[in-house]
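# Residue-level structural notes
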Amino acid sequence: MHFSTMPLSKEQLFSFLCSISEQYRAGVAIVDVNQTHYPIVFINHAFTKLTGYKREEIIGESISLLNGLKTNEDTLADFHYHLSNNIPVELNIIHYRKDRVAFWNSINSEPIQDYKGQAQFIVLHCKDVTDLMLNKMLSKLEHEVYTELENGEINDILQLITTQVEKYYIRDIYCAIHFVQANGELEPIASGSLPLSFIKSIHHIDVGSSTGYNQSAVYIKELDSNNHQQIDYAIASCWLKPILNNENCLLGYFTIYIKNKTELNLSDIEFLKKLSPIIALSIKYVEQKQQLKRLAYYDMNTGIPNYNYFYTHLLDWEKEQIKGSILLIQPSEYSNIVDLFGRKIGDDLIRQLIDRLEKNYDTNEMIYGRFTNSTFILAIQLTADDLNKFISNLQNITNTPFAIANRELFISLKIGISNFDHSISIDESVRRADIALTKSRNQKGTSLSYFEVETDYQIQRELDIVNQLNYGLQNEEFTIHLQPKVNLSTATIEGFEALARWYSPVLGPVSPAEFIPVAEQTGKISAVDNIVLKKVLQFQHERKSKGLKVVPISVNISPVHFYRESFVDDFISYVNLFDVNPEHIKIEVTESVELFDYEKAKEILIELKKYGYESSIDDFGVGFSSLSYLQQLPFSEIKIDRSFINGISDTSMHAVVQTIVQLATNLNMHAVAEGIETLEQFLLLQKMGCKTGQGYYFHKPMPIKEAEKLLDSIII
């Protein structure tokens, strides 16, 4: 109701306003604007309930009677400005009831004029909006926390939470976050303004698995009044809210230390109930991010950096135009040791080599990581003379025996060396070191080889492949084989993966491991991908036209092709040409060090998804370690690399595969295990909940005609 101008005298106005105010459910206070301190001359019954003051206690007083420690000075100044200038205003301010319990007061101020148009009174409509404001505070805090989650460590995030709660909460409090340690003790992790040392000195309430706890409860403890620091901080009691994870396991507590003892009310309980999950989710997110980071940058079997770590850090050197050498180092006896004692002992040998390297050299001047199972890679900034000295010393670390399976064994090293500088890419430098290592393996004992283009067989082989690749593409020498994907629960065929095959009349059968890298380097990979895609689409179209059973087929797309501007348009054109349904074709992006442009990849994958096409990441976990970008890209499927499946019977590798399957589930992705070759592997994967697999245990890659026979033998 708007009644700012009334055809009444001041006395008539006052009588009218008092009468109508009693009918309001909201608290109403009438202020006389003709007196300098703006006294309250009337309050309704709802106002007394809102503030706890009786009429005789507040009549004649200013509204500032409700101010307190957390009443914002800027808001107060704004309110008084509007009040003194007879300007309507709506604002929210922290006020205090008679018992000094704070609440958020939503004030609507409306000047009332008499028949002469002169303001005589201001009517203040007051409403308790504490719950609304606390919810807004939580939303703001949640946004700040989730922003910080991208880069912050857990302690920083928890510190942010405690600091902001102390700052914005309506009560005058301190707060802290405690974690429950393995021994059951509480350990303060973060605190707003109280020193952690002081918090440690406070004996908190014992709420744990032995006494039981209720996730909906807030536990209250009267603190020891003899603690002098506690007296200094005016702390009377503390409230503890359990922080639980999804499995309902106790992670810790959010603790509020109450100044000048006040009672817990419903708003406090609701606030703590909503805050606790934010903390729990933050802890879970950071833990998962740390786990992803470790999987992405460290070899899980040895704990040493992996190739992704090496590559990422070498990129920094490349940006700084640092020159140096890359060494690929392999124990000559690695394969024999693995054959005799198992892969775990081989991992231990690599770990011992790295330990000696770290002990004898300043590792701050080098970058290293595990390159393959048997090889680690090292980059170092040294001149030619210094490099020779380094290599000599490196060979000396094998002068003492290694502890292998409770035996002492001497080993020798094979070393391949190449240079790196701004004139060649990191990938090319690594490739050259790998070629040099191949040459070194052909020599006896500890040996090293430098990359030499002129005498290297592999270079000639690659040149031959380059020369024949154009002929192969022009003469349709490329074919496809299909390898079934099998449902691990029902043993039924869910689909196929299309694999490129090349038989050259000049070179004979050429392995995909040979021609795909060459095709990528020469810019021909898109043509190879398109041949495979067209053959798959033609196969699907013919079966659909004949009314035969059709299952999804995955087509591998190289990242070089994937990032082409026209990729999506070209792909959709091909599919439309053959009239194949989206559910019958899937894109597999082969893992590569080139898959680093997250934003571009995300844009492409989202566009494909809009057309109805799902995508998966192939050879997951090898090379660039897909976990570093997995969570950022909308893949629907991840294919766990065969190297993980080969070692799945090992406890640590089993844990890695289990983690990846679980992470895939958490990210709403479908996990496919590659390279299943034994019954044991099949049963272990089935038990851990992996839905799909492929490998020689079920079917080898087969020509199209054999795949047709296999499909036709399935009863629809």
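With that settled, consider the overall build of the protein. Within the protein, the regular secondary structure consists of 25 helices and 27 strands. Against the globule reference of 27 Å for 716 residues, the protein gives a C-alpha radius of gyration of 36 Å, more extended than a compact globule. Dimensions of the protein, computed from the C-alpha atoms along their principal axes, are close to 110 × 70 × 50 Å. Looking at the 716 residues of the protein, the share that counts as buried comes to 50%. Side chains of the protein give 65 positive and 90 negative charges; the mean places of these two sets differ by 4 Å.

To continue, consider the sheet that holds strand β2 (residues 40–43). Picture the strands of a sheet paired through backbone hydrogen bonds; they go either parallel or antiparallel. Strand order in the open sheet made by the five strands is β2-β1-β5-β4-β3, with antiparallel pairing throughout. Across the chains shown, the open sheet's two edge strands, defined by having one partner strand only, are β2 and β3 (89–96). Pairwise comparison of adjacent strand axes, ignoring direction, gives a mean angle of 30 degrees for this sheet. Examined bridge by bridge, β3 and strand β4 (residues 102–113) share eight bridges and lie antiparallel to one another. By the bridge assignment, N92 is partnered in β4 with S106. Packing against the sheet, helix α4 (residues 73–84) makes contact with β3, β4 and β5 (119–128), and its axis sits at approximately 130 degrees to β3.

What follows is about the pairing of strand β9 (residues 235–244). Most of β9 is tucked away, with nine of its ten residues classed as buried. Counting the residues between successive antiparallel strands, the hairpin from β9 to strand β10 (residues 250–259) contains five residues, one of them, N248, with a positive phi of roughly 65 degrees.

Let's shift gears to the pairing of strand β11 (residues 324–331). In terms of burial, β11 is largely enclosed, as eight of its eight residues are buried. As paired elements, β11 and strand β16 (residues 413–420) share eight bridges and run antiparallel to each other. By the bridge assignment, L328 is partnered in β16 with G416. Sheet analysis places β11 next to strand β13 (residues 376–380), joined by five bridges and oriented antiparallel. For I326, the partnering residue across the bridge sits in β13 and is A379.

Taken as a whole and judged by the stated rule, the model has 18 aromatic pairs. Relative to F515, the ring of W502 has its centre 5.8 Å away and its plane inclined at 85 degrees; by these criteria the two rings are edge-to-face. With W502 in strand β19 (residues 493–504) and F515 in helix α16 (residues 512–521), this residue pair connects regions lying 13 residues apart in the sequence. Both residues of the pair, W502 and F515, belong to the buried class. An aromatic cluster is present here, built from F562, Y563, F567, F571 and Y613 joined pairwise through their rings.

To continue, consider the sheet that holds strand β17 (residues 447–450). The strand order across the open sheet built from five strands is β12-β13-β11-β16-β17, with neighbouring strands paired in mixed fashion. The open sheet has two edge strands, β12 (366–370) and β17, and neither has a second partner. Sheet twist, expressed as the mean angle between neighbouring strand axes with direction ignored, is 20 degrees. Together, β11, β12, β13 and β16 form the strand contacts of helix α10 (residues 307–319), whose direction differs from that of β12 by roughly 155 degrees.

Along its 15 residues, helix α6 (residues 154–168) runs 21 Å from first to last C-alpha, staying within 8% of the 21 Å computed at 1.5 Å per residue. Among the residues of α6, those classed as buried are I154, I157, L158, I161, T162, Q164, V165 and E166. Those residues of α6 that are buried lie in contact with α5 (130–149), β6 (173–180), β7 (186–191), β10 and α9 (266–297).

Here we take up the pattern of salt bridges. All chains considered together, the criterion is met by 30 salt bridges. A salt bridge links K140 to E144; its shortest N-O distance comes to 2.6 Å. Linking K140 with E144, this pair stays in helix α5, spanning four residues, or about one helical turn. On the accessibility criterion, K140 (39% relative accessible area) is partly exposed. Measuring nitrogen to oxygen at the nearest pair gives 3.5 Å for the salt bridge that ties K639 to E674.

We now examine helix α24 (residues 679–687). Within the sequence span of α24, burial applies to Q681, F682 and L685. Along the axis of α24, the buried positions cluster into a sector of 100 degrees, meaning they face one direction only. Residues of α24 that are buried sit in contact with α22 (642–646), α23 (651–666) and β25 (670–673). G689 occupies a position one or two residues after α24 and carries a positive phi of about 95 degrees.

We now examine the environment of F254. Structurally, F254 can be placed in strand β10. On the basis of relative accessibility, which here comes to 1%, the residue F254 falls in the buried class.

Our focus in this paragraph is unusual backbone geometry. Negative phi characterises most residues that are not glycine, and trans characterises most peptide bonds. Positive phi, close to 55 degrees, is recorded for Q321, a residue that is not glycine. Classification of Q321 as exposed rests on a relative accessible area of 58%. In this structure, N668 takes a positive phi of about 60 degrees despite not being glycine. Mapping N668 onto the fold places it in the loop between α23 and β25.

Ranked by size, the top nonpolar core spans 79 residues in total, and within it F562, F571, V657 and L685 carry the most contacts. Ranked by residues supplied to this core, first place goes to helix α17 (residues 525–545) with eight residues. Apart from the residues within four sequence positions on either side, F562 is in contact with I557, F567, V589, A601, I604 and L605. Within the second largest apolar cluster, 32 residues are counted, among which are I154, V218, W239 and I258.

What counts and what doesn't
- Residues numbered from 1 in each chain as written.
- Predicted model: local features only at pLDDT ≥ 70, side-chain atom pairs only at ≥ 80, totals over all residues.
- Heavy atoms only, no water.
- Helix = DSSP H or I, 4+ residues; strand = E, 2+ residues; numbered from the N terminus.
- Rg over C-alpha atoms; globule rule 2.2 N^0.38 Å.
- Buried < 20%, exposed > 50% of the residue type's maximum accessible area, 1.4 Å probe, protein only.
- Lys, Arg positive; Asp, Glu negative; His and termini not counted.
- Charge placed at Lys NZ, Arg CZ, Asp CG, Glu CD.
- Pairing = 2+ DSSP bridges.
- Axes fitted to C-alpha atoms, helices over the stretch in contact; angles between N-to-C directions.
- Contact = heavy atoms within 4.5 Å.
- Phe/Tyr/Trp six-rings, centres within 6.5 Å; stacked < 30°, edge-to-face > 60°.
- Expected span 1.5 Å × (residues − 1).
- Salt bridge = Lys/Arg side-chain N within 4 Å of Asp/Glu carboxyl O.
- Arc of directions from axis to C-beta.
- Core = buried A, V, L, I, M, F, W, Y, C linked by side-chain atoms within 4.5 Å.

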